[in-house]
Amino acid sequence: MAKEGAQRAEETEQMIEKEGGKEAAEGSAAGSLRAGDTKEMRAVVLSGFGGLNKLRVSKKAMPEPQEGELKIRVKACGLNFIDLMVRQGNIDNPPKTPLVPGFECSGIVEALGDSVKGFEIGDRVMAFVNYNAWAEVVCTPVEFVYKIPDDMSFSEAAAFPMNFVTAYMMLFEVANLREGMSVLVHSAGGGVGQAVAQLCSTIPNVTVFGTASSFKHEAIKDSVTHLFDRNADYVQEVKRISTDGVDIVLDCLCGENTGKGLSLLKPLGTYILYGSSNMVTGETKSFFSFAKSWWQVEKVNPIKLYEENKVIAGFSLLNLLFKQNRGGLIKGVMDKLLNLYNNKKIKPMVDSLWALEEVKEAMQRIHDRGNIGKLILDVEKAPTPLVS
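Small disclaimer: the values here were computed from a predicted structure and weren't measured.

A. View of the pattern of salt bridges. Taken as a whole and judged by the stated rule, the model has 16 salt bridges. A salt bridge links glutamate 380 to lysine 75; its shortest N-O distance comes to 2.6 Å. On the criterion of sequence distance, the pair formed by glutamate 380 in the segment after strand S16 (374-378) and lysine 75 in strand S4 (residues 69-79) is long-range, its members being 305 residues apart. The partner of lysine 347 in a salt bridge is glutamate 156, with the nearest N and O atoms 2.5 Å apart. With lysine 347 in the loop between helix H12 (327-342) and strand S15 (350-354) and glutamate 156 in helix H3 (residues 154-158), the pair connects residues that are 191 residues apart, well separated along the chain. For lysine 347, a relative accessible area of 46% translates into the label partly exposed. We classify glutamate 156 as buried; its relative accessible area is 11%. A single salt-bridge network, built from bridges that share partners, covers Glu64, Lys71, Arg73 and Glu110.

B. Just the packing of helix H2 (residues 81-88) against helix H13 (residues 359-367), in detail. Interhelical geometry of H2 versus H13 gives an angle of 110° and a closest axis separation of 10 Å. As the angle between them shows, H2 and H13 are arranged roughly perpendicular. Like other packed secondary-structure pairs, H2 and H13 cross with a definite hand, here left-handed. Side by side, H2 and H13 meet where Phe81, Asp83, Leu84 and Arg87 of the first sit next to Met363, Ile366 and His367 of the second. Here the contact of H2 with H13 is composed, by residue class, of 4 nonpolar, 1 polar and 2 charged.

C. Expanded view of the nonpolar core. Phe128, Trp134, Phe160, Leu199, Leu250, Ile330 and Leu337 are the most contacted members of the largest nonpolar core, which has 96 residues in total. The residues that make up this core include at least three from each of domain 1 (40-160 + 349-378) and domain 2 (162-322). In this structure, phenylalanine 160 is in contact with Met126, Met152, Val165, Met334, Leu337, Leu338, Tyr341, Ile346 and Pro348, ignoring residues within four places of it in sequence. Grouped together as the second largest cluster of nonpolar side chains are 12 residues, Phe209, Phe228, Val246 and Leu265 included.

D. Spotlight on the packing of aromatic side chains. For the structure on display, the rule yields 7 aromatic pairs. Seen in terms of ring centroids, phenylalanine 160 and tyrosine 341 are 6.3 Å apart; in terms of plane orientation they differ by 85°. Their pairing is edge-to-face. Residue phenylalanine 160 is located in the loop between H3 and helix H4 (161-174), and its partner tyrosine 341 is located in helix H12; the two are separated by 181 residues in the primary sequence. Per residue, the accessibility class of phenylalanine 160 equals that of tyrosine 341, and both read buried. Here the aromatic cluster, defined as three or more aromatic residues joined through ring pairs, consists of Phe160, Phe164 and Tyr341.

E. Quick peek at unusual backbone geometry. Cis geometry is found at the peptide bond from threonine 97 to proline 98, where omega equals 0°. By the element assignment, proline 98 lies in the loop between H2 and strand S5 (104-112). Positive phi is not limited to glycine here, since tyrosine 131 has a value of about 70°. Unlike most non-glycine residues, serine 187 shows phi in positive territory, near 50°. Inspection of the secondary structure assignment puts serine 187 in the loop between strand S9 (182-185) and helix H5 (191-200). Among the residues examined, serine 187 registers a relative accessible area of 31% and is labelled partly exposed.

F. Looking closely at the pairing of S9. Here S9 shows a buried face lined by Ser182 and Leu184 and a second buried face lined by Val183 and Val185. Examined bridge by bridge, S9 and strand S10 (residues 207-212) share 4 bridges and lie parallel to one another. Its bridge partner being in S10, leucine 184 is matched across the sheet by phenylalanine 209. Following the backbone out of S9, through H5 and into the adjacent parallel S10, one traces a crossover that is right-handed. Taken together, the 3 bridges between S9 and strand S12 (residues 246-251) define a ladder with parallel strand orientation. Following the sheet pairing, valine 185 is matched in S12 by leucine 250.

G. How the structure looks around the sheet that holds S10. With parallel pairing, the 6 strands of this open sheet are ordered in space as S11-S10-S9-S12-S13-S14. On the outer flanks of this sheet lie strand S11 (226-229) and strand S14 (311-314), each paired with one strand and no other. Each strand axis lies, on average, 15° off the axis of its neighbour in the sheet, ignoring direction. Along the sheet, helix H7 (residues 234-241) makes contact with S9, S10, S11 and S12, crossing S11 at roughly 155°.

H. Fine view of helix H8 (residues 256-263). Asn257, Thr258, Gly259, Gly261 and Leu262 are the residues of H8 that are buried. Contacts made by the buried residues of H8 are with H7, S12, strand S13 (265-273) and S14.

I. Expanded view of the environment of glycine 193. As for its position among the elements, glycine 193 is in helix H5. According to the relative accessible area criterion, glycine 193 is buried, its value standing at 2%. The spatial distance from the C-alpha of glycine 193 to the C-alpha of asparagine 163 is 8.2 Å, given a sequence separation of 30 residues. Ignoring anything within four residues of it in the chain, the contact list for glycine 193 reads Val185, Ser187 and Ala188.

Reading the values: the criteria
Every chain is numbered independently, its residues counted from 1 as its sequence is written. Two thresholds apply to this predicted model, a pLDDT of at least 70 for residue-level local features and 80 or more for giving and counting side-chain atom pairs, whereas whole-chain, interface and lining totals are computed over all residues. Only heavy atoms go into the side-chain values, all of them from the structure, while hydrogens and water stay out. Take a side-chain nitrogen of Lys or Arg and a carboxyl oxygen of Asp or Glu: if they are within 4 Å of each other, that pair is a salt bridge. In this description a helix means any DSSP run of H or I spanning at least four residues, a strand means any run of E spanning at least two, and both kinds are numbered starting from the N terminus. Exposure classes here rest on a 1.4 Å probe applied to the protein chains alone. A residue is buried below 20% of its type maximum, exposed above 50%, and partly exposed in between. For helices, the fitted axis covers only the stretch in contact; all axes are lines through C-alpha atoms, and the angles between them, taken along N-to-C directions, range from 0 to 180 degrees. Roughly parallel means an angle under 35 degrees; roughly antiparallel means over 145; roughly perpendicular covers 65 to 115; every other angle is labelled oblique. Note: crossing handedness is left-handed where the near helix turns anticlockwise from the far helix by less than a right angle, and right-handed where it turns clockwise. Here, residues are in contact when the closest pair of their heavy atoms is within 4.5 Å. Three classes are used: nonpolar for Ala, Val, Leu, Ile, Met, Phe, Trp, Tyr, Cys and Pro, charged for Asp, Glu, Lys and Arg, and polar for all others, with Gly counted as polar. Here, nonpolar core refers to any group of buried Ala, Val, Leu, Ile, Met, Phe, Trp, Tyr and Cys residues whose side-chain atoms link them within 4.5 Å. Domain delimitation in this document rests on an assignment produced automatically or drawn from a domain database. Classification of ring pairs uses Phe, Tyr and Trp, with its six-membered ring standing for Trp, and accepts pairs whose centres are within 6.5 Å; under 30 degrees between planes counts as stacked, over 60 as edge-to-face, and the remaining range as tilted. Note on pairing: two strands pair once DSSP finds at least 2 bridges between them. Think of it like this: strands point away, you trace from the first strand over the helix to the second, and a clockwise trace means the crossover is right-handed.

Structure representation (structure tokens):
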């Protein structure tokens with residue numbers, strides 16, 4: 001069905017060009033339309049912060065590349081937990097709505113802005129985007145764009161940047177992972193969790209402790225040394241296996257898990273907070289849940305950190321890219337990660353593919369922690385018909 005949709009889209013574009021934009025295209029599942037002199041595209045639009053009903057697929061004016069930007073015909077987009085928090089307005093300084101969500105995508109270079117070097121029209125690429133990724137076409141600065149290896153699919157490429165760069169930066173740039181260390185990672189079955197497990201396997205004798213929903217254990221048991229149910233008392237389980245605790249804790253949950261993670265650190269160990277999924281408890285933002293989660297966060301005493309020789313850190317890839325201008329640093333990390341991929345040391349895990357029109361169902365799957373690996377919006381995929 002996706003191929004048929006793409007063929008229809010191509011035929012529609014040819015017809016529009018032939019008729020000089022006089023005829024309207026009807027029923028195109030994945031095409032670019034011309035309204036007068038303005039090209040249009042399909043995009044997922046968030047009309048306001050709140051529940052799933054705030055999302056819809058709409059027509060928008062197609063962007064054109066500015067100086068230093070690439071225009072990309074999108075094939076696939078990544079969904080991340082941060083996208084749920086954006087939808088709820090559950091982030092610091094959220095942008096104004098309406099907006100097009102999404103921070104990463106893959107596709108084909110369609111046009112080059114002035115002064116762009118190193119890319120050609122037709123290149124297969126993956127990219128970070130400061131919002132606007134969930135659309136048929138995006139424009140983004142060249143420093144956020146990377147060429148896709150020949151044997152990597154578009155869906156794998158859309159699953160690669162956020163997860164693997166986040167995992168690599170935390171493990172090697174912040175926590176300085178070395179041979180013989182131990183790591184505790186929450187949501188071990190998710191995209192970042194699986195990236196962490198794969199990267200840990202590239203270093204000798206690294207022990208990985210992971211928490212995940214029990215139904216995911218069979219699928220991910222080979223990637224994690226010790227796997228615990230996310231609802232179990234993992235602190236006691238870890239201490240039973242490793243009396244001294246662990247060297248690195250990677251926490252995407254926050255709330256009460258902050259204190260638990262700090263308690264598990266060995267001397268000279270590093271705790272890194274990189275998310276706060278415990279604050280997303282319902283479809284819409286709950287100030288009660290938000291306040292409760294923060295109330296459960298253990299108040300960090302610098303003197304206690306000094307006495308116990310522990311390190312506490314935070315990591316936000318999006319802030320590093322778009323607010324702190326560290327695109328050059330990320331480029332170096334991507335080069336290392338692509339080398340690992342080419343040497344078959346790592347491989348993105350794709351959970352499932354969804355049409356743009358199925359974004360609500362895809363988001364619900366993330367909210368329910370139902371995914372094993374990354375959920376992908378496939379721009380050329382037709383929605384799955386409902387079975388009566």
